[in-house]
Each structure stands twice: as structure tokens, then as C-alpha cells.
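Below, each chain spelled out in residue letters.
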Amino acid sequence: MVGAQVLSTDLADGATATTLNGADVTVTINGDGIFINDAQVTVADIVTDNGVVHVIDAVLLPPTEPETTTVVDVIVNSDVHNLLEAAVIEADLAGALSGEGPFTVFAPTDDAFLALAGALNASAEDLLALPELADILLYHVVGAQVLSTDLADGATATTLNGADVTVTINDDGIFINDAQVTVADIVTDNGVVHVIDAVLLPPTEPETTTVVDVIVNSDVHNILEAAVIEADLAGALSGEGPFTVFAPTDDAFLALPSPKHSTPPLKTSWPCQSSPTFSFTMWWELRCSLQTLPTAPPPPPSSEKTSPSQSMTMASSSTMPKSPWPISSQTMVWFT
């Protein structure tokens, strides 16, 4: 149906008319008669009060949207990409890769996935359960249509993973990283698929080792580790650096003289409390946590007799030598 009165005398070969469906019909006039699309007009110009009818010998079918093929369709319809299909579905990428694109997909075969599983001493199911599965798959996709004729030896392309793949072209063929392209240029409506014989693994960040890692992983630097943590230096010493650390062992710390043998390099006392920086005070705090404070020796006997009250006075007088460590529950003091 056309929303106007069109008599046979109004028709012309090659003319088109827009129907109420929104799609056009095409008129053909030749020696065999008048045709609307492929239907011949057998009776023309039945005029009515509200239009005209032309009888035709076939049903007119409105045009359908042309079928589109996506990169996902290629994978799904392939007999050698069952694991890739399962991976794309598991990673919830089927919808995105069925979109407008364009995409270039490097599609590893089932054999490629099984070879990777064997190398990792894993199963195909283990690969599909990898938490980084989506990142691995996106490393196989470039956000542009790249045909084999667009490739050049040594060229790189940035994948949707964010990392680059490198193209090698030599006498043996075309390679993406170390994977060979076995079938190229399967063109679709939203990109192109190249079949490859290996799974591409995205590069991993190289593991870094800091001076703090060396201390923490050492069996003979437990005290130094505790000191670095207590002094809140672990973060700073894990930074960019560079640093050179002279790392005393546990034995080195324990070999330091105790207060009864030498005077600590402090102005007043030897406190077993936190210090803002790692110093001798910090060492003593650690030592205090590892061993009992040394016991003060008894004073030499006096030739003079004293009363108990006098003894207490002597103990508190300014003439009594000061101990280089604070008196605690583990420190003994004799009064005679």
C-alpha cells in the first residue's frame, strides 16, 4: 500500500514508491507488462472513492535487514574454536565483541589452548577459571580492522588489554608475538579475524626486590627488620631509591655491650621506650624485649654501722651512684 493514488498511467520504468511499511517498491515496465518488484500487475486501475487497486500475481515481501556477521559469529561457527568461544562467554565479552567495532581478533585454536594447558600442567577448565581470563582475551583484540596487507615486519599494535603485540613477517609466515597466523583475513561486518596457533599471554610486570625485601626475607636480620618497622622506615626504604644499606645481623645486635659494661651514648638515661629514629636507644628497646635487664651489683660493705633510716637516706641521697638504666621489677638494689 502506498499512501497516494497511483494509476498505471502514472507509473514509469524504474520509478519507486514508498509504502506505508516505510520501504520502497520498484516499478519495472517492459514488453511483458508492468511489475511491482517481481510481481506482475494482472489487472490495473480499479478506481475507488478512496484510491485505486492493482491486482498482482505475487505477494510482496518487505526487505529484511541484511544479515551481519561479527567476529563472534566467526568464532561460534568455527569447529576449531570451541575453547575460545567458551572463554569469550565465560569472560562476558561476547556482547562487546558483537558490537559495532571495528575489531581485529587473533583467534587461537583449540589445539593452542590445550598446548598452553599442558605447558602449565593444567586443564582447559583451569584456563577458563583463571581470574585474568578477560585480560588474556583482550590481549588478542585490537580496536581497529587490521588486514594482513596492513601488516609490516616489526610493527606493533596496541590491544584492548593496553599492551602491544609485535608483528614478525619472514619466510616462514606472519607471526603475532610467537604465534603464527595460520588463516588470515576472515572479514566480518565489525572487523576481521586471523587464526593463530598459540595463545598470546600479556606481558607481566617484572617482580621488584627492594632493600627491605632482602632484610625481611633474611633469617639473620630479624632484629633489623623489627627496628625498621618500629622506626616506620619500611615504606621509605621500599621506594625508588637508590639505597645502600649496611645490614647488621641479629648476632651483631646482640653482641653490642650492655649498659653495665659501657655507658650508652645518651645524655641522661637509657630508656626502654620508643625513639623517633633508629639509634642506640632503638637498639636498647629491642634488647630490652629480648633479654632481662642486667642486675645492679651490690655496693661495697661499709665499715660504719647505720640504722635502717640512715640506710634509706643513703639510698636516696645524691651521693649514691646513679644507675645507667631505669629501675624495674627485674632490677635488684641492695641497701646495707
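Residues numbered from 1 in each chain as written. Predicted model: local features only at pLDDT ≥ 70, side-chain atom pairs only at ≥ 80, totals over all residues. Heavy atoms only, no water.

### Considerations on the sheet that holds strand β11 (residues 179–188)
Taken together, seven strands build an open sheet; the order of strands is β7-β6-β12-β11-β10-β9-β8 and the sheet is mixed. Among the strands making up the open sheet, the edge pair consists of β7 (141–142) and β8 (156–158). (Pairing = 2+ DSSP bridges. Helix = DSSP H or I, 4+ residues; strand = E, 2+ residues; numbered from the N terminus.)

### Topic: helix α4 (residues 110–119)
Taken together, the buried positions of α4 are occupied by D110, A112, F113, L116 and A117. The buried residues of α4 occupy an angular sector of 165° when the element is viewed end-on, so they sit on one face. Counted as exposed and oriented over 90 degrees from the buried face of α4: D111, G118 and A119. Among the structural elements, α2 (82–90), β6 (103–108) and α5 (124–128) are those in contact with the buried residues of α4. Positioned one or two residues after α4, N121 has a phi angle of 55°, which is positive. (Buried < 20%, exposed > 50% of the residue type's maximum accessible area, 1.4 Å probe, protein only. Arc of directions from axis to C-beta. Contact = heavy atoms within 4.5 Å.)

### Topic: the sheet that holds strand β1 (residues 16–18)
The strand order across the open sheet built from five strands is β1-β2-β3-β4-β5, with neighbouring strands paired in antiparallel fashion. Each of the sheet's edge strands pairs with one partner strand only, and the pair in question is β1 and β5 (51–56). Averaged over all pairs of adjacent strands, the angle between their axes in this sheet comes to 40°, without regard to strand direction. Note: β1 against strand β2 (residues 24–30), three bridges, orientation antiparallel. Residue A17 lies in a different strand from β2, and its bridge partner there is V25. (Axes fitted to C-alpha atoms, helices over the stretch in contact; angles between N-to-C directions.)

### Some words on a nonpolar patch on the surface
Side chains of V43, I46, V53 and V55 sit close together on the surface and give an oily, nonpolar patch of about 270 Å² of accessible area. Breaking the nonpolar patch down by element, the ones donating at least two residues are β4 (39–48) and β5. I46 gets classed as partly exposed once you look at its relative accessible area, which sits at 37%. (Patch = residues over 30% accessible without salt bridge, like charges linked within 9 Å, V, L, I, M, F, W, Y side chains within 5 Å. Areas by Shrake-Rupley, 256 points an atom, 1.4 Å probe, with all protein chains shown as cover. Salt bridge = Lys/Arg side-chain N within 4 Å of Asp/Glu carboxyl O.)

### What about the pairing of strand β10 (residues 173–176)?
As defined by bridge partners, strand β9 (residues 164–170) adjoins β10 across four bridges and the pair is classed as antiparallel. The residue of β10 that forms the bridge with T168 is F175. The pairing of β10 with β11 spans two bridges and is classified as antiparallel. Directly across from F175, in β11, lies its bridge partner Q180. The hairpin formed by β10 and β11 contains two residues between the paired strands, and N177 there has a positive phi angle of roughly 55°.

### Side note on the side chain of T188
Within the secondary structure, T188 sits in strand β11. The class of T188 is buried, set by a relative accessible area of 9%. Within the structure, the side chain of T188 is placed 3.1 Å from the side chain of N190, a separation counted as a polar contact. Setting aside chain neighbours within four positions, we find T188 in contact with T69, T70, V71, V74 and Q145. (Polar contact = N/O pair within 3.5 Å; in protein donor to acceptor, adjacent residues only side chain to side chain.)

### Quick word on the nonpolar core
Within soluble globular proteins, side chains that are nonpolar tend to cluster in buried spots. By size, the foremost hydrophobic cluster in this structure holds 27 residues, and its most contacted members are V71, L84, L93, L97, V105 and L137. Breaking this core down by element, the ones donating at least two residues are α1 (71–76), α2, β6, α4, α5 and α6 (133–138). Excluding its chain neighbours within four sequence positions, the residues that come into contact with L93 are V88, A134, L137 and L138. If you look at the next biggest cluster of nonpolar residues, it comprises 13 residues, including V146, A163, V167 and L200. (Core = buried A, V, L, I, M, F, W, Y, C linked by side-chain atoms within 4.5 Å.)

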